[in-house]
Amino acid sequence: MVPLLSVRDLVVEFDLDRGALRAVNGASLDVQPGEVMAVVGESGSGKSTLAFSILNLVPPPGKIVNGEILFDSKDVFALSEEELRQYRWKEVAMVFQAAQNAMNPVMRIADQMVDTAQAHGKASKGEVLEKASELLRMVRLEPSQVLHSYPHELSGGMRQRVIIVLSLLLDPKMLILDEPTTALDVVTQAYILDILADVREKLGLTMVLLTHDMSIVAKIADRVTVMYAGRVMEVGKIEEIFYDAKHPYTIGLINAAPSLIGDIADKKPIPGSPPNLLNPPPGCPFHPRCAYATDRCREEEPELKEIGDGRLVACHNWWLINRDL
Amino acid sequence: MAVTTIPAEFRGFLRRSLYEPFLILKKDKRALAGLLILLFFLLMATIGPEVIPLDMRTNFAERFKPPSRAHPLGTDYGGRDVLAMIVHGSRDVLSVAFLAALFTSLIAVAVGMIAGLKGGMTDAILSLVINAVLSVPSFPVMLIIGSVFKITNAITFGAVLSIWSWGSLARAVRSQVLSLKEREFIEAARTLGLGTFHIVFRELLPNVMPYIAINFIDTMRGAIGASVGLMFLGLVPFSATNWGMMLNFAVRQAGAIYLPYAMAYVLSPMAAIMLLELGGVFFAHGLDEILNPRLRA
Amino acid sequence: MLVILRRIGIALFTIFVIVTLTFFIVRKTPGDVMQAWAMDLLDTYSMTYEDALAMVKSWYGYNPNQPMLQQYIAYISGLLKGDLGKSFIYKVSVNKVLIRALPWTVFVLSVSLLLSFGIGVMLGMAMAWKRKSILDPLVTAYASFTGATPDYITALILLIIFAVNLRLFPLKGAYDATVNPGFTWEFIKSVLKHAALPIAAYTFEHAASWALAMKGSAVGVLGEDYIMAARARGLKERRIMIHYMGRNAILPLVTSLAISMGSMVGGSTLIETVFSYPGVGWFFGEALTKRDFGLMQGLFLFLASSIIFANLAADILYSILDPRIKLEG
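Residues numbered from 1 in each chain as written. Chains lettered and ligands numbered in written order. Predicted model: local features only at pLDDT ≥ 70, side-chain atom pairs only at ≥ 80, totals over all residues.

Let's shift gears to the sheet that holds strand E2 (residues 19-31) of chain A. Residue and element names in this part refer to chain A. As summarised here, the arrangement of the four strands in space is E2-E1-E4-E5, forming an open sheet in which the pairing is antiparallel. Lying at the two open borders of the sheet, with one neighbouring strand each, are E2 and strand E5 (74-75). Here strand E1 (residues 5-16) pairs with E2 via 10 bridges, running antiparallel. Paired with valine 7 across the bridge in E2 is leucine 29. (Pairing = 2+ DSSP bridges. Helix = DSSP H or I, 4+ residues; strand = E, 2+ residues; numbered from the N terminus.)

Below you can see the structure in the form of C-alpha cells.
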C-alpha cells in the first residue's frame, strides 16, 4: 500500500544565538491511509516540529535543512506559495496544542469558519455554516449556541471541539492532532477522545496523533512511532509496542505511565534528563540514560532497522531487550 | 592598597551606580549621544555666560545681520549677538525646567504616597483628583494660570508649570506604593514597630526612585516645551534671553521670518530647543535601561 | 450599564471641579486688569469711572455686591443655561465666538487626527509585518525627531519653508478674504489651501508616534498562536495581516485616541496662532494676550468639557470594539 504520508530523513534546525539547535535530526515516518498513527515522545523530542514540517509551517528561526515529505505522492516542499496555501487545511489540517489561543479573539466563530472556507475557493456563507453546524453536532455541540459566540465565551473543552470542527471543515484527507487533550481535565479528556474516535469512524480519516501520554495512545492508536531527541527510535503496531517493545526508551515510557491499578510508587521514571539538542552526545542519543548501554552505543549511532513487517527499531542491542528487567 | 580595604558592599554599590551604567551607555549609542548633548548644554548654562559676555545694548545699525565671524549666529532685531543670547538664555531655560520638574516630583510623590498609604476615603478622593488632573489637558490650564498670575521669576514659572503636570507620576507612585504595601518587608517593618516615617523614607522611597528619576527628565523636557510655548504667546515677560522669548520677538514682534537674511536669528532658538529636547529623549531611553534591568537587551 | 453611569458621573464631577476652580481663579483677576478695561470703556462710551468699573465687573458675571456664594450660584445657573460669558474685546457672547471659531478647529483637528492615525496605523502594520525592511529604522528615527520637537516648532518650520519662502501656501486666515463663503469650488479650494499647513503640522508631528505604537502592539499580536493557526488554515497573507493582526493590534490604540485628542486640543492654541488660523485655539490665545478674561474662561470651560466627554466616549467605544472587555469600575 502506498503510504498517504511519507517523511524521509527530515532535518530541521533552529538558528539561535547560542548555536544551531537540531529539533528534528533525521526522522522518517510512514502513515497509511485510514490509520491512526501516534507519535510519542517527551517535550523536546521533535514531534511538534515534525508536525509543523508536514504543513511547511516551521516558525522562524527554524529551517528545514534536509529531507522530503510526500503527501499523497506530492512533494510538499516543492509546492508553490499558492499551492501550499491550498494544500494547507484542504489536504492536511491540524488541531493545535493549547487550542485556547488558536482562534482570533475579536471574530465570531461563524466568521472564522467562513473565513477558512472562503480562503480556499468560492463558498456561500450559508453553505459553510450549514456544514459547520453538521460538524458541530457531530462533536456534540449546539450550533446555535456556538456559532455566534466569541472564543472567550466558550469553555476550554468547547473551544477544543470547535477547533476540531474547524479542522474538519474542508474534508481534509489527514488530521494532525498535537497533544489534543493536554490542557484539559481528565474527564474532558476522555470525552474528547470519545469524540475523536467517533469522528474517525464516521469520516474514515487518517490521523497523526502527537502526545507524550501513553494512556491516550492505548485508547485510540493503530500504530505508534516513538521519537527521542529528534530521531525515530521505534515503530510498530500498538500491540507490538505495548506488549513487546524493543527499544529501552519505549519500555521506559510504558513503565513510567501511571495506571489506575497499582501503586504509583511502583512506577519507574526514566533516569537522567532530556538530551542537549545544541550539543548532542555522540552515538545513540539515549545512551546516557539507558540501562543497556554498551561502548558501541556511546560511539556509533544506531540505524533505524526493519525487524518485521512495518516493525522498526533503532537500537544496537534490541534483541537483548527484555521488558521485565 | 586602598582598594583592598574598601568593604565589599561599598564596592558593589560603586559598581552598580557608576560602572554598570557606564557600560550600558557605552553600548547604547543613542543614550550616549543624549548624555553628551545634555552635558554640553549643562556646560553652556553653567560656564557659558562667564565665557561669552552679553551686551544687551541696542545697536540698530547692526540689526538682522546674517552669520559672520563677529556674530556666528547673526544678530537680532536690536543688533545684539544671537549666540551670546542663546548661551545666556540656556541658564534660564534649564533652571526653569529643573524647578518645574522638582516641584512636579514633590507634589506627585506626596500625593501618590498619601493616596497609596492611607487608602480608603483619602485614596478615593485623591484618585478622583488625579483623574481630573489627567483628563484636562495641561497646556490650556497653564496658559490661564500664567495669564492670571504674573510670572516674575524662575521659581514662580517653575511652580506654574508644575501645577497640572504631576498627574501621571502621582498615579505611578500610587500604584507602586499599593503593590509594595502588601509585600513582606513592609509587614516586617511594621511588626518591628518601625514608624511610618521610617517606612516611607527607608523602604518605599528607594523603590519609587526609578520612576521619579526617569520621569524627571521627561518632565523637564515637557517643561521646556511648555515654557517656550508660554513665552511664545507673550505671557511671560521676564527674561529677554530665554529662548522662548527670543522666538516670540523674532516671529511675532519683529517679523523676522519674513527676512531671509535673518534666518539664523529665527532658527537659532528653535535649533537650540530641538537639540536639547532630542538629547533629553535619547538620554531618557538610556536612563530607562539603567534603572530597569529588564529592558537591557 | 451601572459602570457607564459611574463613568459619566466621574466626568461630570471633574467638570464641576474645573468650573469651580475657574470661578475662583477668575475672581483673583488682578485689579489692574479690570481697571484697564474700565479705562477703555471710559474712553469709548464716555461714562464715569465707577460706572465703567461696575460694567466691567458685571461682564465678568461678577456682582461685587453679592456675597461669594450667591455669585457662585448665579454663575453655575448661568452655565447650565448655556451662558458661557462674554468677551470683552469682541463685545459679544462667548457662544457667538464659539460658533464662528469652532467649525474651523473641528475641521482641522478631525482631518489631522484621521490622517495621522490612518497613516500611522498603516505604517505600523507594515513595519510589524515585514520585520527587516528599511521602513523600520526610517520611521523610528523620524519618530524620535518629531517626538522631541514641540509641535509649534514643527509648525513654524513648515510655515517658514512653505508659506514664507516657497509661497505655496497662504500665511493666515481660514480662507481668502476676497472669496465669498458658500458651496463654490473656489471657496472650497481656498479653505483647503489655508487648512493644508495646519493639518500638515499636526500630522507630521503625530503620525510617527501612532506608527510606533501600532508596530509595538502588532509585534505583540504576531507572537500569538492564532496568527500561526490562521496561516495553517491557509488564509491569505493580506487577510491575516488586516483582520487577524490589525484588528487585534489596534485595540489598545483606541484609548490613546482620546488622550491624543486632548493633547491636540491643548496644542491648538499655539499652532493656530502660528498660522493665524481663526479657530478656538487662536481666539483663546488672543484672549490670553489681550487679557480678555471673559472669553478666556468661557473657551477654556468649553475645551475642558469637550475633552472630558471625548475621553468618556473613547472608553465606551473601546468596550464595544473589544468583546473581551467588560467596562470595569
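Let's pick the thread back up.
So, on to the interface of chain C and chain B. In this complex, chain C contributes 38 residues to the contact, which on the side of chain B involves 29 residues. Broken down by element, the residue count for the side of chain C that touches chain B peaks at eight residues, all from helix H11 (residues 251-274) of chain C. Within the side of chain C that touches chain B, the residues separate by chemical class into 22 nonpolar, 14 polar and two charged. (Contact = placed C-beta atoms within 7 Å. Nonpolar A, V, L, I, M, F, W, Y, C, P; charged D, E, K, R; others polar.)

This part takes up unusual backbone geometry. Residues and elements named next belong to chain A. Phi at aspartate 9 takes a positive value of approximately 50°, unusual for a residue other than glycine. In this fold, aspartate 9 is placed in strand E1. Look at aspartate 9 and you get exposed, because 12 C-beta atoms sit within 10 Å. Positive phi is not limited to glycine here, since aspartate 171 has a value of about 50°. By secondary structure assignment, the location of aspartate 171 is in the loop between helix H6 (156-168) and strand E7 (174-178). By C-beta crowding, aspartate 171 is classed as exposed, having 11 other C-beta atoms within 10 Å. (Buried ≥ 20, exposed ≤ 12 C-beta atoms within 10 Å, placed from the backbone.)

Residues and elements named next belong to chain A. Strand order in the open sheet made by the eight strands is E6-E7-E8-E3-E9-E10-E12-E11, with mixed pairing throughout. At either end of the open sheet lies a strand with only one pairing partner, and these are strand E6 (92-95) and strand E11 (305-308). Within this sheet the neighbouring strands show an average axis-to-axis angle of 25°, counted without direction. Pairing between E11 and strand E12 (residues 311-313): three bridges, direction antiparallel. In the sheet register, lysine 305 faces E12, and the bridge partner there is valine 313. Running at roughly 150° to E7, helix H1 (residues 47-54) makes contact with strand E3 (36-40), E6, E7, strand E8 (206-211) and strand E9 (223-228) of the sheet. Lying over the sheet, H6 contacts E6 and E7, oriented at roughly 175° with respect to E6. (Axes fitted to C-alpha atoms, helices over the stretch in contact; angles between N-to-C directions.)

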